[in-house]
Amino acid sequence: YFLAKAAKEFAVVFLSGDGGDEALAGYPEYARVFRYQHLLNPAARVASWVFPLSKRLLWPNSRVGEIFARLSPGPTSYGALFRQNPRYPLWRHILKPEWQISDAELEAPLWKVWQECEDPDLVRRMRRFDYSLYLESDVLTKVDCATMAHSIEARGPMLDHRFVELGMQIPTSALIVGGQGKMPLRKLAARSFPKEITDLPKSGFGLPMDLWVQQSFGQEVAQSLTVRDSATADLLNISHLQQLFRWSKDQRGLGVHEFIFRLHVLNQWAA
């Protein structure tokens, strides 16, 4: 939003790199699956029987439990291939039982999209999945809202269908080399930029939610969420919320700051 606001001073139309990671396998998740895909079958077999136990024996903010939740297979493949983990244990912990649904029902829309692509190449299939859900419903929506708020246009040349088709024709082994994706683009950039730039790891627009929650408005959020008459009181287990805020001060286990921020946004919206 603020980047768009500042850009308005210089022009009204801008080019963005949106779609480049999907077209040329730029996300770290793609590189990890490409490197460790031979381990997915045995890992999923172990997770399939450990995951139910971990839900009973481990804290909801356990990193180990989250890993088993992600690796545990679904109806046709591995939940580890999804960008977001729909089985995020903390939701089960925080939501009141009457608002919870089964994993199968929760994941049904995801598996439907996943099954629409039958490509044996897992990375290419992940990219197709992200085109359908993550790029359209998250990234492009975010950019469109931010730029339109300041009456400027963002155009994505890497969303051109010819570029997308070309990217899907390139073997994954040529896109991901040495744990780095977007290799064709890196080689092209190397003609004009030094190695210190072209070899940089991916850096997204992540927000410093840990600092916000710990240092800025964490206490305010805790108070607004844990009062009996909060807008989300009928949805959320207040005693578990109080435990969640205690975890936010503990460096062990899963980082819960983004989760707290999401609950804050939900509470503000519901109000």
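Procedures and definitions
- Residues numbered from 1 in each chain as written.
- Predicted model: local features only at pLDDT ≥ 70, side-chain atom pairs only at ≥ 80, totals over all residues.
- Heavy atoms only, no water.
- Helix = DSSP H or I, 4+ residues; strand = E, 2+ residues; numbered from the N terminus.
- Buried < 20%, exposed > 50% of the residue type's maximum accessible area, 1.4 Å probe, protein only.
- Core = buried A, V, L, I, M, F, W, Y, C linked by side-chain atoms within 4.5 Å.
- Salt bridge = Lys/Arg side-chain N within 4 Å of Asp/Glu carboxyl O.
- Bend = angle between axes of the 7 residues up to and from the residue.
- Polar contact = N/O pair within 3.5 Å; in protein donor to acceptor, adjacent residues only side chain to side chain.
- Axes fitted to C-alpha atoms, helices over the stretch in contact; angles between N-to-C directions.
- Parallel < 35°, antiparallel > 145°, perpendicular 65-115°, else oblique.
- Left-handed = near helix turned anticlockwise from the far one by under 90°.
- Contact = heavy atoms within 4.5 Å.
- Nonpolar A, V, L, I, M, F, W, Y, C, P; charged D, E, K, R; others polar.
- 1 Å grid on protein atoms, 1.4 Å probe; cavity = no way out; pocket = protein on both sides within 12 Å on 5 of 7 lines; lining within 4 Å.
- Points joined across faces, edges and corners; volume = space filled by probe spheres on them.
- Expected span 1.5 Å × (residues − 1).
- Patch = residues over 30% accessible without salt bridge, like charges linked within 9 Å, V, L, I, M, F, W, Y side chains within 5 Å.
- Areas by Shrake-Rupley, 256 points an atom, 1.4 Å probe, with all protein chains shown as cover.

### Structural notes on the environment of Phe2
- The residue Phe2 is located in helix H1 (residues 2-7) in this model.
- Classification of Phe2 by relative accessible area gives exposed; the value is 63%.
- Separated by 148 residues in the primary sequence, Phe2 and His150 place their C-alpha atoms 9.4 Å from one another.

### Let's talk about unusual backbone geometry
- The residue Ala25 is not glycine, and still its phi comes out positive at about 55 degrees.
- Within the fold, Ala25 resides in the loop between helix H2 (20-24) and helix H3 (28-36).
- Phi at Ser151 takes a positive value of approximately 60 degrees, unusual for a residue other than glycine.
- Structurally, Ser151 can be placed in the loop between helix H8 (122-148) and strand E2 (153-155).
- By relative accessible area, Ser151 is classed as exposed at 54%.

### Focus: the nonpolar core
- Leu81 and Trp114 are the most contacted members of the largest nonpolar core, which totals 27 residues.
- Sort the elements by how many residues they give to this core and H8 lands first, with 7 residues.

### Here's the deal with the pattern of salt bridges
- The final tally for this structure, using the stated rule, is 10 salt bridges.
- Here Glu66 ties to Arg70 by a salt bridge, and the two come within 3.8 Å at their closest N and O atoms. Taken together, the residues span about one helical turn, with Glu66 and Arg70 both in helix H5 (residues 63-71) at a distance of 4 residues.
- With relative accessibility at 13%, the residue Glu66 sits in the buried group.
- A salt bridge links Asp199 to Lys195, with the shortest nitrogen-to-oxygen separation between them at 2.9 Å.
- Its relative accessible area of 32% is what places Asp199 among the partly exposed residues.
- Overlapping salt bridges, with partners in common, bring together Asp21, Lys182 and Lys202 in one network.

### With respect to H8
- Along its length, H8 shows its largest kink, about 55 degrees, at Leu135.
- Among the residues of H8, the N-terminal cap falls to Asp121, whose side-chain oxygen and the backbone nitrogen of Val123 are separated by 3.0 Å.

### Structural notes on the packing of H8 against helix H9 (residues 161-169)
- It is the contact of H8 with H9, at a shortest axis distance of 10 Å, that shows an interaxial angle of 155 degrees. By the angle class used here, H8 and H9 are roughly antiparallel. Where H8 crosses over H9, the two elements pack in a sense that is right-handed. Along its contact with H8, which presents Arg124, Arg127, Arg128 and Tyr131, the element H9 presents Val164, Gly167 and Met168.
- Considering only residue class, the contact of H8 with H9 consists of 3 nonpolar, 1 polar and 3 charged.

### Overview of empty space enclosed by the protein
- On inspection of all chains with the given rule, the structure shows 1 cavity of 30 Å³ or more.
- Put simply, the parts of the chain that give the lining of the largest cavity at least two residues each are H3 and H8.

### So, the packing of helix H15 (residues 238-247) against helix H16 (residues 257-270)
- At a minimum axis distance of 10 Å, the contact between H15 and H16 shows a crossing angle of 135 degrees. By the criterion of interaxial angle, the relationship of H15 to H16 is oblique. Once H15 is placed against H16, the crossing between them reads as left-handed. Here Leu241, Leu244 and Phe245 of H15 lie close against H16, whose contacting residues are Phe259, Ile260 and Leu263.
- Of the residues assigned to the contact of H15 with H16, the class counts are 6 nonpolar, no polar and no charged.

### Points about helix H4 (residues 40-57)
- The terminal C-alpha atoms of H4, which comprises 18 residues, lie 24 Å apart, in line with the 26 Å expected from a rise of 1.5 Å per residue.
- The largest bend in H4 amounts to roughly 40 degrees and is located at Val50, with the proline Pro52 lying one to four residues further along.
- Buried within H4 are the following residues: Leu40, Ala44, Ala47, Val50, Phe51 and Ser54.
- Along its buried surface, H4 packs onto H3, H5, helix H7 (103-115) and H8.

### Overview of the environment of Pro73
- With respect to the secondary-structure elements, Pro73 resides in the loop between H5 and helix H6 (89-94).
- When its relative accessible area of 31% is taken as the criterion, Pro73 is described as partly exposed.
- Remark: the alpha-carbon pair of Pro73 and Ser48, spanning 25 residues in sequence, is separated by 6.5 Å.

### Here's the deal with a nonpolar patch on the surface
- A cluster of nonpolar residues, Val46, Trp49, Leu53, Leu57, Leu58 and Val64, forms a patch on the protein surface that exposes about 580 Å² of accessible area.
- It is H4 that contributes the most residues to the nonpolar patch, 4 residues altogether.
- Examined against the element boundaries, Leu53 turns out to sit in helix H4.

Geometric descriptors of this kind do not, in isolation, establish any biological role.
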